[in-house]
Number of protein chains: 2
Amino acid sequence: MKSVYFFGNKKADGNADMKNLLGGKGANLAEMTNLGIAVPAGFTITTEVCTYYYQNAQSFPQDLDKQVKLSIKKVEQAMGKKFGDKKDPLLLSVRSGARMSMPGMMETVLNIGLTSKTIPGIIAKTDNSRFVYDAYRRLIMMYADVVMEKSAGIEPQEGHGIRHQLEKILNLYKKEKKYKSDIDLSGEDWKIITEKFKSRIKKVLGGEFPDDPYEQLWGGIKAVFQSWNGKRAISYRRIENIPGEWGTAVNVQAMVFGNTGDLSATGVAFTRNPATGSNQFYGEWLKNAQGEDVVAGIRTPQPLNEATKTTASTHLESLESFLPDIYLELNTIRKNLEQHYRDMQDIEFTIEEGKLWMLQTRTGKRTGGAAITIAVDMVNEKLISKEEGIMRVSPNQIDELLHPRLDIKEEKSAEVVAKGLPAGPGGGVGQVVFTPDDAEAWAKEGKKVILVREETSPEDVHGMHAAEAILTAKGGMTSHAALVARGWGKCCIVGCADLNINYDNKEITIKNTLIKEGDWVSMNGSKGVVYLGQVTLQPADPESNNAYRELMSWADNIRILKVRTNADSPEDSKQAIAFGAEGIGLCRTEHMFFDPKRIMGMRKMILAESEHERRSAVMELLPYQRKDFIGILNTMAGKPVTIRLLDPPLHEFIQLNDIQVKDLANELNVTEQKIRDRIASLHEFNPMLGHRGCRLGIAYPEITEMQARAIFEATADLIGKGINVMPEVMVPLVGTNTEFENQEVIIRNIADTVMKEKKISFHYIIGTMIELPRACLTADEIAEHAEFFSFGTNDLTQTTYGFSRDDIGGFLPGYLEQNIFSKDPFQSLDKAGVGKLISMAVTKGRSVRKNLKIGICGEHGGDPASVEFCHQNGLDYVSCSPFRVPIARFAAAQAAIKYRD
Amino acid sequence: MKSVYFFGNKKADGNADMKNLLGGKGANLAEMTNLGIAVPAGFTITTEVCTYYYQNAQSFPQDLDKQVKLSIKKVEQAMGKKFGDKKDPLLLSVRSGARMSMPGMMETVLNIGLTSKTIPGIIAKTDNSRFVYDAYRRLIMMYADVVMEKSAGIEPQEGHGIRHQLEKILNLYKKEKKYKSDIDLSGEDWKIITEKFKSRIKKVLGGEFPDDPYEQLWGGIKAVFQSWNGKRAISYRRIENIPGEWGTAVNVQAMVFGNTGDLSATGVAFTRNPATGSNQFYGEWLKNAQGEDVVAGIRTPQPLNEATKTTASTHLESLESFLPDIYLELNTIRKNLEQHYRDMQDIEFTIEEGKLWMLQTRTGKRTGGAAITIAVDMVNEKLISKEEGIMRVSPNQIDELLHPRLDIKEEKSAEVVAKGLPAGPGGGVGQVVFTPDDAEAWAKEGKKVILVREETSPEDVHGMHAAEAILTAKGGMTSHAALVARGWGKCCIVGCADLNINYDNKEITIKNTLIKEGDWVSMNGSKGVVYLGQVTLQPADPESNNAYRELMSWADNIRILKVRTNADSPEDSKQAIAFGAEGIGLCRTEHMFFDPKRIMGMRKMILAESEHERRSAVMELLPYQRKDFIGILNTMAGKPVTIRLLDPPLHEFIQLNDIQVKDLANELNVTEQKIRDRIASLHEFNPMLGHRGCRLGIAYPEITEMQARAIFEATADLIGKGINVMPEVMVPLVGTNTEFENQEVIIRNIADTVMKEKKISFHYIIGTMIELPRACLTADEIAEHAEFFSFGTNDLTQTTYGFSRDDIGGFLPGYLEQNIFSKDPFQSLDKAGVGKLISMAVTKGRSVRKNLKIGICGEHGGDPASVEFCHQNGLDYVSCSPFRVPIARFAAAQAAIKYRD
């Protein structure tokens, strides 16, 4: 088995198509090498080795060692240096590289190969002992943290890890020497520091810092594989839905240095603007620095070129003006890479003593708006097809545009307290918290929070996820906070230097303003401005974005699935039409009964002693229901409206406290005891599995009659006015054909009666919600009578798995943690189980009724993966909440492209 | 379409194979006719006409009238009489006849054709005006009740119907005339009565009694079809699982009269004894009587022959001695019919002026014991094969033998209060009630009741069903009560003439003894003795019955399915072995925790704050569990024992009142609040769908570890002593392969550890309960690791249908009533839905593991129809409660025969 893939000297074993095996980074390093771009030579250890490692008690394949040694030979040849050599030693970096980018979630070790034997040679070669000992102390710090502490199985408390201890030693030394910054330290200083570091490591971790280059190398490789199953990585994978089986590759590459002097530099750039999508070279660089300095957001970086300078960066020198030749070379590489990859690239480069080296290229992360602009531009530039353009934008990026923004007028008069870099789009309003744990805890209590940090680190992701928005004092547009927030489409402002954060007191001082924990702030993440207090959030207005409109019109032309919405009111219906809904897939009728004017009728009905009494109580509700349906059907004129008959168990309408019981007893002139008895008799042990759905309409046909009458009278009324309404009556919770047929007879009788009474004829259809396994298993029988199916995937998921959404708190988090479930099946449809039932129901249903209309109206209707599944299974439509309609439309187009014949 | 099938003159259109079309009665009348037996001519209107009638707004096919007229012509020819003729009129009976016998559930009209025109002729012909007017008044009474009152849509209160009113008129007349019995009335008296009847009918029902023979005939035919959907018939069909779609046929037949004088008689007989099965001609007859007099149980009938006389009937004249020639002829017919039908027959005959007419033959109902004896005898007589013998006995009849009997010793010293006919076998002990409604209501409250009635009628079936036993003052062994009770295998004593029942005061006087409602009595239904007070009921002892043992040994040889039992204790296990269980299919472990000594450990565990604390609490339970398993495994030595790990949600173990909370707080030295908080945090909205099953073992692996350790330590202990034990560890409520694999790893680790610790190796297998739809849908994935499946059909039914057994009270009765469900799916497996999932799981499971062991351990395991389904689907075993084991063994044999290649 080939476990190691070499790249260097314009020739690589791998290429860009081998991401699954080499990871994104490794595949692209190979591809760039093949393109003739100057890439430091190196090799990639495959993801298969990672899989092997975890399947074999964390050991390596037998011949890995041999393959690695062979590859190091090739690297030595390409770079003209020798690993461990006394005179001109090759130094190596060890970096992770998964199939999908997981920024900062795994480990990196740089400067491997610095030992007591090689240091003198490299000092002699560079004549820069300061640089060498600085590099050596960086190696020691990283290695102690990433390899030694972790392999010792020590999990120190925050602020007490070996890295912090070494940092303290450095700070103490600087204080003693009265140095202000790292720049003040000489080579000798750094040498002393490295000795102090090594003795502290021995004391704390109980082992010598390794002085053998190969020992260092294998320690680094192992640490990277180990970090694939680190806490941060697992947590990130869960959020991003990355399977644990994929594993990471390891890239071992010759070091080049951006920090050897003033002709050295390092930088990160995007081939187009990742925030707006505009076609301009956009990036940041730092003179005399290692790459990590830019990414970590510790120093505020300089703009790449003149065109992209902002008011905040206008005073900083651009690479374009400092090293114009190098900039031109880089710009040429930029253009070549974009033409080659046909997508916006995120690149890393290092300039070592005037020579440009490319260290990475990958598809660049971008905001939703940028993704759309880039896709539409590239289609119009004829770089990609419309279909490719659609596939380039994720449904979640569409979602970003749908996110709320701050009210523009209020924003104008709001008090600006700080400005920073606009790292994540949209608006965010919330109460300030200072730790990710607080963010998570407060959010769990239903509070909206803004997470404020000096800078964020991968340890913070859970809090960042929980927060409405993220605000950091440090870091640039490519800092951790910015990358993560953009990936999620979350409002984020970084590099907000005016912030003086005091974690201990939980407060921020900004000049004269004091913001304490719990204070409200509002953020415009698209402009980078922070306001004091609560500014109103306004709904998103994607339609004002030309590129969005163009992309969505392509999507609508391509998609086959129709998209409806779940709406219970004319207002929601209007909103949904604005978002492109083509009908209502689920209009619940029970919410309509909870209005105080109406619930009394419901309660009277529930307490009725005879069918006659019950019928007259139910009929009191008719005028209300008819009005509801007139409103919704009218709003949806020309579009189908699926109305579900009453679904919840009756006890939901009669949950009363003592006073309410008394009042109701007075109102209805019955004894309190009677009410209490009825409440007790309606009690259910498992309401999910109780007397609800069509079981109600069968036990109390008068309810079905009243609702059918309300629907058909509303229909007759509107049809009479020349309005084209298309009601679809949906019987809920059907498990057997006999249940459906029972209700169908009642509904058709009422329809006939209303047509006769109103002397008008109208069209309607009757169908059922398919939300029980048995309905799927006997869908052929049910389809004999039902004219449509609508999958209620919430209930279907509950019954298929045998757990209720209300009762999974005790185990679902643990299930996701332990990878027993890769996803929450209530968020994304379980294809292996629930999906199998759906496929079966579709096949069986259409086997007896070829033109059976089939849709889905559970919450999965707005989940892209579930939409894809619905397309694959030949459904006619999906129905989701109004705000998810554009996402469903778009996901439907992607599915149509993906599964084109 | 041929709607009418003629029979008569030794030639019939139909035969015994046409039961579906002609009903049982019609098909057998045709068959007897073809056999050359003297059957009064007649014709059968098919069940298809019944179906047509209900599908076409209760109307008849167009040409039915023509076909009926044609057939009447043939009957006239055969009998030499003319319908409606002035001189020698043909009289007709109209009787129902469904595919399966539904005794007394539908209507009958006799003596049709008596009108003002025909009466004089028939009087002239018979020279017996008394007989003619008696027949006429019978026609009027039946017709008014069955046809006129019902077609008028009147539903009178009990005791106020037209029939009762007419009976009152008759009683009043007798009183006025000082007549003691009907025999005292002359022809003139009866004539006056008929006039009185007709004028009352006109007054009450508003119509004339029809005087046209055809009007009478069509009224009768319609009434029979109408009665198919009468309340009694629907109720009976539900209990007997007879589909409503079958419909009834109508038999129109020439009347013959057993009441024309002393040379006339009528009788009912069985070709073998229906109570014991012994091969003797057994029956009852009445001189000068119509057939209904015997069946209705109004007069105590006489024994058919000398051999079957009992101490109670020794003084009554047998047919054998009164009419020896006729008896011989009848006995010959008996033998012919039994040889022809190869089964015990229930026959009806009438002797009209010394001529024997056969009116019916059908397979005779019999007690379970009789069924077994007859089957085994007939096999030994080489009349039928062993397979046929097995198919002749229903599993429910096997069940009868398993029913409890009165303790023999106690019975000897108990106070006998009455004796009657032993109509239904076994013992019955309960409190006396007097109405079927009371029987039902008391039984619902959990009381055991004895229903005491003068005589029973089809209106009483619901109360008879609810009662432990039935006791009547009137009627014989073929009375309604006797037939119905025998069909159900229920304890029943009839004809207990000493009983003086006072319905108004709800009491019985028996000589000097007064028994009031609610008083306890005990009954020996096999001997016909009633005792005062409560005699202990003893378990059944089927093994003492030779025929049973022989039949079961044939069944065990033939069946393919193995039969295990559900048992949680050594005692139950022993019982089950005695009943033939071949292993334990379900040993629940949760009951073991509710012991007061143990539940504290459970509660400590639930309240534990850390894994460490929880683990130590759980381990306190280890010695108890180990002891449990040693007991069960030892008892089941050599047989497999499937042990299910903990299943119920934790809150079941910590349902405490205020005092218990306080005690527990003291005991554990924690605050009461802490306990209350934990109880609150464990609350679930839908416990069925909550944190239970393997979800517990995954969240709290220490529970699984402890249980696995207890199982394997017990195993090691017994194996060490040379006892062959076969543990099968069952993981409950698995929905995904990942859940199973998580638990499997824990269990196998413990097994390995125990083997090492005990220095012994043992065999075990690990499998899972398949009780969720998702487990069925992904059974192939689960079977990759699971070594056996056991279908938990209770939960699988709950989740497939989406209703819980605890919460169906609100709608299931209505569903059965309205025929939305034909059966309770918790009693008999739903093949169309749940069954489909099971089939799928079997196929998928065996597709990856060819020798996957598969069983069923829900309550369906003891239901014959479900056992058949399991056989069809290739399961290895069924598991059921100990008392159902013989039934399952027998049902398995029947399935094997039915589906033999």
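Quantities reported herein were computed from a predicted structural model and do not represent experimental measurements.

A. Broad picture of the overall build of chain A. Each helix and strand in chain A was counted, giving 36 helices and 34 strands. Rg of the C-alpha trace for chain A: 32 Å, near the compact-globule value of 29 Å for 901 residues, within the 12% margin. For chain A, the spread of C-alpha atoms along the three principal axes comes to 105 × 60 × 55 Å. Sorting the 901 residues of chain A into buried and exposed places 58% on the buried side. When the 110 positive and 117 negative side-chain charges of chain A are each reduced to one mean point, those points stand 3 Å apart.

B. Representation of the relation of the copies chain B and chain A within the structure. Of the transformation placing chain B onto chain A, the axial shift is 0.1 Å and the rotation is 180 degrees, giving an RMSD of 0.2 Å. Classification of the inter-copy transformation places it as that of a two-fold axis. Interface overlap between copies: 100% of the residues of chain B at the interface are likewise at the interface in chain A, consistent with a symmetric, same-surface contact.

C. Structural view of the sheet that holds strand 9 (residues 265–270) of chain B. Residue and element names in this part refer to chain B. A sheet is described by the order of its strands in space; here 5 strands give the open sequence 11-10-9-12-13, paired in antiparallel fashion. The sheet terminates laterally at strand 11 (302–303) and strand 13 (355–363), the two strands that pair on one side only. Here strand 12 (residues 345–352) pairs with strand 13 via 8 bridges, running antiparallel. By the bridge assignment for strand 13, Ile351 is matched with Leu356. Its contacts with the sheet put helix 12 (residues 324–341) on strand 12 and strand 13, and the angle it makes with strand 13 is roughly 30 degrees.

D. How the structure looks around helix 2 (residues 47–55) of chain A. Residues and elements named next belong to chain A. Turning to helix 2, its buried residues are Thr47, Val49, Cys50 and Tyr53. The arc that holds every buried residue of helix 2, seen down its axis, measures 150 degrees, which confines them to one face. Those residues of helix 2 hidden inside the fold are in contact with helix 1 (19–34), strand 3 (42–45), helix 3 (64–79), helix 8 (213–228) and strand 8 (248–254). Phi for Ala57, located one or two positions after helix 2, is positive at around 50 degrees.

E. Spatial organisation of the packing of aromatic side chains. All names here are of chain A. For the structure shown, the criterion picks out 46 aromatic pairs over all chains. Aromatic side chains Phe803 and Phe821 sit 6.0 Å apart centroid to centroid with 45 degrees between the ring planes, which places their arrangement in the tilted category. With a gap of 18 residues between them, Phe803 in the loop between helix 32 (793–801) and helix 33 (812–817) and Phe821 in the loop between helix 33 and helix 34 (834–848) connect regions that are remote in the sequence. Both residues of the pair, Phe803 and Phe821, belong to the buried class. Members of the aromatic cluster, joined through ring pairs, are Tyr801, Phe803, Phe811, Tyr815, Phe821 and Phe826. We note Arg564 situated over the ring of Tyr877; from NZ or CZ to the ring centre the distance is 3.8 Å.

Criteria and cut-off values
Residues numbered from 1 in each chain as written. Chains lettered and ligands numbered in written order. Predicted model: local features only at pLDDT ≥ 70, side-chain atom pairs only at ≥ 80, totals over all residues. Heavy atoms only, no water. Helix = DSSP H or I, 4+ residues; strand = E, 2+ residues; numbered from the N terminus. Rg over C-alpha atoms; globule rule 2.2 N^0.38 Å. Buried < 20%, exposed > 50% of the residue type's maximum accessible area, 1.4 Å probe, protein only. Lys, Arg positive; Asp, Glu negative; His and termini not counted. Charge placed at Lys NZ, Arg CZ, Asp CG, Glu CD. Least-squares fit on C-alpha atoms with pLDDT ≥ 70 in both. Contact = heavy atoms within 4.5 Å. Pairing = 2+ DSSP bridges. Axes fitted to C-alpha atoms, helices over the stretch in contact; angles between N-to-C directions. Arc of directions from axis to C-beta. Phe/Tyr/Trp six-rings, centres within 6.5 Å; stacked < 30°, edge-to-face > 60°. Lys NZ or Arg CZ within 6 Å of the ring centre and 35° of its normal.

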